[in-house]
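Each chain is listed here by its residues.
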Amino acid sequence: MRRSVKQAGVRMKHAWPHSTFLGRLRSSTLEELMGLGTPMVYPAHRQLLKQGDESRHVLLLTRGVAKVVASSESGYEMLLAIRVGGDLIGEMAAFEDQPRSGTVIACSEMSARIIQLTALESFLSRHPDAMRAMLAMLCARLRWANRRRMDFRAYDSLTRLARVLAELSQTYGNEVLDGTARRQILDVTLNQAELASLAGLALPTTEKALAELSKLGLVERSYRKITVCDVSKLLVFAKVFQENPY
């Protein structure tokens with residue numbers, strides 16, 4: 001289910017997944033929120049937020065896809081999450097008054113609104129439904145992180161990768177009609193190193209697991225693009241039986 005909003009009397013072309021912050025808001029609240037802050041357009045590969053920066057604004061993504069990455073002092077870089085139009089990013093540093101915990105990079109051209117913390121706090125105080133949506137968003141992200149920690153101990157590498165792909169397909173998949181099977185193309189470009197980061201696997205292990213999933217007929221691979229051949233079968237194989245926690 002996707003939500004859209006009228007602004008200045010015209011229905012906006014963009015719509016947002018229900019799992020995102022904007023997708024959780026009722027229309028009147030959404031319309032007011034879209035009037036806050038400063039609209040910006042970012043080209044692909046531009047840094048939207050930088051790890052360690054002490055700025056306190058948040059970004060409300062309205063179009064496009066971004067990756068959240070973090071680097072250790074030793075130089076190791078890990079993909080932490082994917083964010084899409086409808087998501088709010090930068091709220092952790094803003095509310096905690098701490099440096100940014102990761103770098104956000106645009107995967108494609110993106111539109112966003114820069115909102116200062118004071119404006120966001122005032123908005124949330126006027127709209128309890130927006131505060132509930134914020135809490136639901138944060139809980140979903142914590143649930144996803146907890147699930148990845150559990151996966152690390154509870155499942156083998158093949159199942160762990162299948163679980164990540166299953167959840168990504170639920171959130172970012174574009175369904176393609178193919179008889180009775182539910183095929184979905186992941187609407188986000190990920191290389192194998194990034195998939196390895198999300199699943200907590202070594203790159204060679206991820207390559208072998210992808211090859212095995214392809215052999216089982218669950219996924220198809222092309223250059224930086226993954227198609228889930230049968231969503232229902234992948235969900236069963238990955239033991240994903242609950243609502244996607246994004």
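Heads up: the structure comes first, above all this text.
First, a word on scope: everything that follows refers to the structure included in this document. This one's a predicted model, so the numbers in the text were calculated from it and none came from an experiment. (Residues numbered from 1 in each chain as written. Predicted model: local features only at pLDDT ≥ 70, side-chain atom pairs only at ≥ 80, totals over all residues. Heavy atoms only, no water.)

1. A few points about the pairing of strand β8 (residues 65–71)
Link 1 in the chain: Counted residue by residue, β8 has 6 buried out of 7 residues, so it is predominantly covered.
Link 2 in the chain: Both β8 and strand β9 (residues 77–84) contribute to a ladder of 7 bridges, which runs antiparallel. Paired with V68 across the bridge in β9 is A81.
Link 3 in the chain: Connecting β8 to the antiparallel partner β9 that follows it, the hairpin turn spans 5 residues, and G75 within it adopts a positive phi of roughly 100°.
Link 4 in the chain: With 4 bridges connecting them, β8 and strand β11 (residues 103–106) associate as antiparallel partners. From the neighbouring strand, A66 faces β11, where its bridge partner is A106. (Buried < 20%, exposed > 50% of the residue type's maximum accessible area, 1.4 Å probe, protein only. Helix = DSSP H or I, 4+ residues; strand = E, 2+ residues; numbered from the N terminus. Pairing = 2+ DSSP bridges.)

2. Considerations on the packing of helix α6 (residues 192–199) against helix α7 (residues 203–215)
Link 1 in the chain: Between α6 and α7, the shortest axis-to-axis distance is 9 Å and the interhelical angle comes to 100°. Relative to α7, the element α6 is oriented roughly perpendicular. On α7, the residues touching Q192, A193, L195 and A196 of α6 are L203, T206, E207 and L210.
Link 2 in the chain: Residue composition of the contact of α6 with α7, by class: 5 nonpolar, 2 polar and 1 charged. (Axes fitted to C-alpha atoms, helices over the stretch in contact; angles between N-to-C directions. Parallel < 35°, antiparallel > 145°, perpendicular 65-115°, else oblique. Contact = heavy atoms within 4.5 Å. Nonpolar A, V, L, I, M, F, W, Y, C, P; charged D, E, K, R; others polar.)

3. Side note on unusual backbone geometry
Link 1 in the chain: With a phi close to 75°, H45 is a non-glycine residue in the positive phi region.
Link 2 in the chain: Tracing the backbone shows H45 in the loop between β5 (38–42) and β6 (47–49).
Link 3 in the chain: Taking relative accessible area as the criterion, H45 reaches 66% and is therefore assigned exposed.
Link 4 in the chain: Within the chain, D97 stands out as a residue other than glycine whose phi angle is a positive 60°.
Link 5 in the chain: Assignment of secondary structure puts D97 in the loop between α2 (91–96) and β11.

Nothing here speaks to function; it is all geometry.
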